[in-house]
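Results of the structural survey
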Amino acid sequence: MVTDRHRNIYEGAAGKRRLDQPADMTTDSVFAIFSTTKAITGTAVLQLVEEGKLDLDAPAKTYAPDIGRLQVIEGFDDKGEPRLRAPKRDITTRMLMVHSAGLSYDFINHTYNRLAQEKGQPSVIT
(Lines give C-alpha, C1' and ligand atoms only; values in the text may rest on other atoms or scores of the structure.)
Protein backbone atom coordinates (compact mmCIF):
# COMPACT_ATOMS: atom_id res chain seq x y z
CA MET A 1 0.00 0.00 0.00
CA VAL A 2 1.16 3.50 -0.77
CA THR A 3 -0.56 6.44 0.85
CA ASP A 4 -0.19 10.17 1.17
CA ARG A 5 -1.78 12.60 3.62
CA HIS A 6 -5.12 12.37 1.85
CA ARG A 7 -5.71 8.90 0.45
CA ASN A 8 -4.37 5.54 -0.58
CA ILE A 9 -2.59 5.89 -3.90
CA TYR A 10 -2.01 2.17 -4.48
CA GLU A 11 -3.22 -1.03 -2.85
CA GLY A 12 -2.21 -4.45 -4.07
CA ALA A 13 -0.89 -7.88 -3.12
CA ALA A 14 1.45 -10.40 -4.72
CA GLY A 15 2.76 -13.84 -3.93
CA LYS A 16 1.48 -16.76 -1.89
CA ARG A 17 0.21 -16.69 1.69
CA ARG A 18 2.38 -19.72 2.43
CA LEU A 19 5.07 -21.31 0.34
CA ASP A 20 3.62 -24.77 0.89
CA GLN A 21 0.03 -23.90 -0.09
CA PRO A 22 -1.57 -22.50 -3.26
CA ALA A 23 -3.57 -19.63 -1.66
CA ASP A 24 -2.60 -16.22 -3.02
CA MET A 25 -1.78 -13.23 -0.84
CA THR A 26 -4.63 -10.69 -0.67
CA THR A 27 -4.78 -7.13 0.60
CA ASP A 28 -6.55 -8.34 3.74
CA SER A 29 -4.15 -11.23 4.51
CA VAL A 30 -3.11 -11.13 8.16
CA PHE A 31 0.37 -12.19 9.24
CA ALA A 32 2.95 -11.37 11.88
CA ILE A 33 5.62 -8.89 10.89
CA PHE A 34 7.60 -9.06 14.16
CA SER A 35 10.83 -7.03 14.07
CA THR A 36 10.16 -5.40 10.71
CA THR A 37 8.35 -2.67 12.61
CA LYS A 38 11.70 -1.45 14.00
CA ALA A 39 12.65 0.33 10.78
CA ILE A 40 9.24 2.02 10.54
CA THR A 41 9.30 3.03 14.21
CA GLY A 42 12.88 4.29 13.95
CA THR A 43 12.01 6.43 10.94
CA ALA A 44 8.95 7.89 12.65
CA VAL A 45 10.92 8.63 15.84
CA LEU A 46 13.68 10.39 13.91
CA GLN A 47 11.11 12.47 12.04
CA LEU A 48 9.54 13.53 15.36
CA VAL A 49 12.98 14.42 16.74
CA GLU A 50 13.73 16.44 13.60
CA GLU A 51 10.42 18.30 13.99
CA GLY A 52 11.18 19.04 17.66
CA LYS A 53 8.18 17.00 18.86
CA LEU A 54 10.17 14.31 20.67
CA ASP A 55 13.24 14.47 22.90
CA LEU A 56 15.17 11.20 22.89
CA ASP A 57 16.62 11.91 26.33
CA ALA A 58 13.39 12.93 28.06
CA PRO A 59 11.70 10.28 30.21
CA ALA A 60 9.59 8.07 27.94
CA LYS A 61 6.74 8.40 30.45
CA THR A 62 6.37 11.95 29.11
CA TYR A 63 4.93 10.41 25.95
CA ALA A 64 3.60 7.09 27.32
CA PRO A 65 2.66 7.48 31.01
CA ASP A 66 2.31 3.73 31.62
CA ILE A 67 6.07 3.33 31.13
CA GLY A 68 6.48 5.34 34.33
CA ARG A 69 4.60 2.65 36.25
CA LEU A 70 6.89 -0.22 35.24
CA GLN A 71 8.78 -1.99 38.00
CA VAL A 72 11.91 -4.12 38.01
CA ILE A 73 11.61 -7.77 39.01
CA GLU A 74 14.54 -8.94 41.11
CA GLY A 75 13.37 -12.50 41.72
CA PHE A 76 10.90 -14.21 44.03
CA ASP A 77 10.54 -14.32 47.78
CA ASP A 78 10.21 -17.48 49.91
CA LYS A 79 6.45 -17.56 49.28
CA GLY A 80 6.93 -17.42 45.51
CA GLU A 81 5.77 -13.83 45.18
CA PRO A 82 7.72 -11.57 42.82
CA ARG A 83 10.14 -9.10 44.42
CA LEU A 84 9.60 -5.81 42.62
CA ARG A 85 11.28 -2.45 42.98
CA ALA A 86 11.16 0.93 41.32
CA PRO A 87 13.72 1.43 38.54
CA LYS A 88 16.89 3.31 39.49
CA ARG A 89 16.28 5.83 36.70
CA ASP A 90 13.62 6.76 34.19
CA ILE A 91 13.49 4.96 30.88
CA THR A 92 14.14 7.37 27.99
CA THR A 93 12.98 7.10 24.42
CA ARG A 94 16.62 6.69 23.39
CA MET A 95 16.90 3.67 25.72
CA LEU A 96 13.82 2.15 24.11
CA MET A 97 15.19 2.74 20.64
CA VAL A 98 18.60 1.18 21.34
CA HIS A 99 17.18 -1.67 23.45
CA SER A 100 18.92 -0.65 26.68
CA ALA A 101 15.79 0.04 28.75
CA GLY A 102 15.96 -3.32 30.53
CA LEU A 103 12.80 -4.75 28.97
CA SER A 104 12.83 -8.42 28.06
CA TYR A 105 10.80 -11.30 26.70
CA ASP A 106 9.62 -14.30 28.66
CA PHE A 107 11.46 -16.61 26.27
CA ILE A 108 14.79 -14.88 26.96
CA ASN A 109 14.70 -14.13 30.69
CA HIS A 110 14.14 -17.01 33.15
CA THR A 111 12.82 -14.75 35.92
CA TYR A 112 10.31 -13.06 33.65
CA ASN A 113 9.36 -16.44 32.19
CA ARG A 114 8.51 -17.69 35.68
CA LEU A 115 6.47 -14.56 36.36
CA ALA A 116 4.62 -15.02 33.07
CA GLN A 117 3.92 -18.69 33.76
CA GLU A 118 2.82 -18.29 37.38
CA LYS A 119 0.86 -15.05 37.05
CA GLY A 120 -0.69 -15.75 33.67
CA GLN A 121 1.09 -13.03 31.72
CA PRO A 122 0.69 -13.59 27.98
CA SER A 123 3.73 -14.56 25.97
CA VAL A 124 4.61 -12.65 22.81
CA ILE A 125 5.01 -16.02 21.06
CA THR A 126 1.72 -17.60 20.02
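Everything below is about the structure shown above.
Read on for an overview of the structure. All values reported here derive from a predicted model rather than from experimental measurement.

Across its full length, the chain carries three helices and four strands. Each helix and strand of the chain, placed in order from N terminus to C terminus, yields the pattern β-β-α-β-β-α-α. For the C-alpha atoms alone, the extent of the chain along its principal axes is close to 55 × 45 × 20 Å. The 126 residues of the chain split such that 14% are buried. A fraction of 35% describes how many contacts in the chain between residues 6 or more apart in sequence connect residues 24 or more apart. Distance between charge centres in the chain, computed from 17 positive and 17 negative side chains, equals 2 Å.

Another point: the side chain of S29. Tracing the sequence through the fold places S29 in the loop between β2 (8–10) and α1 (37–50). Looking at S29, the relative accessible area reads 16%, which means it is buried. Polar side-chain contacts of S29 include one of 3.3 Å to the side chain of R17. Within the structure, S29 has its side chain in polar contact with the backbone nitrogen of T26 (distance 2.9 Å).

Okay, the side chain of T92 next. Note that T92 resides in the loop between β4 (82–85) and α2 (93–97). Within the local environment of T92, its side chain forms a polar contact with the backbone nitrogen of M95, the two atoms lying 3.1 Å apart. With near-sequence residues (within four places) excluded, T92 lies in contact with L56, D57, A58, P59 and A60.

Conventions we followed
- Residues numbered from 1 in each chain as written.
- Predicted model: local features only at pLDDT ≥ 70, side-chain atom pairs only at ≥ 80, totals over all residues.
- Heavy atoms only, no water.
- Helix = DSSP H or I, 4+ residues; strand = E, 2+ residues; numbered from the N terminus.
- Buried < 20%, exposed > 50% of the residue type's maximum accessible area, 1.4 Å probe, protein only.
- Contact = heavy atoms within 4.5 Å.
- Lys, Arg positive; Asp, Glu negative; His and termini not counted.
- Charge placed at Lys NZ, Arg CZ, Asp CG, Glu CD.
- Polar contact = N/O pair within 3.5 Å; in protein donor to acceptor, adjacent residues only side chain to side chain.

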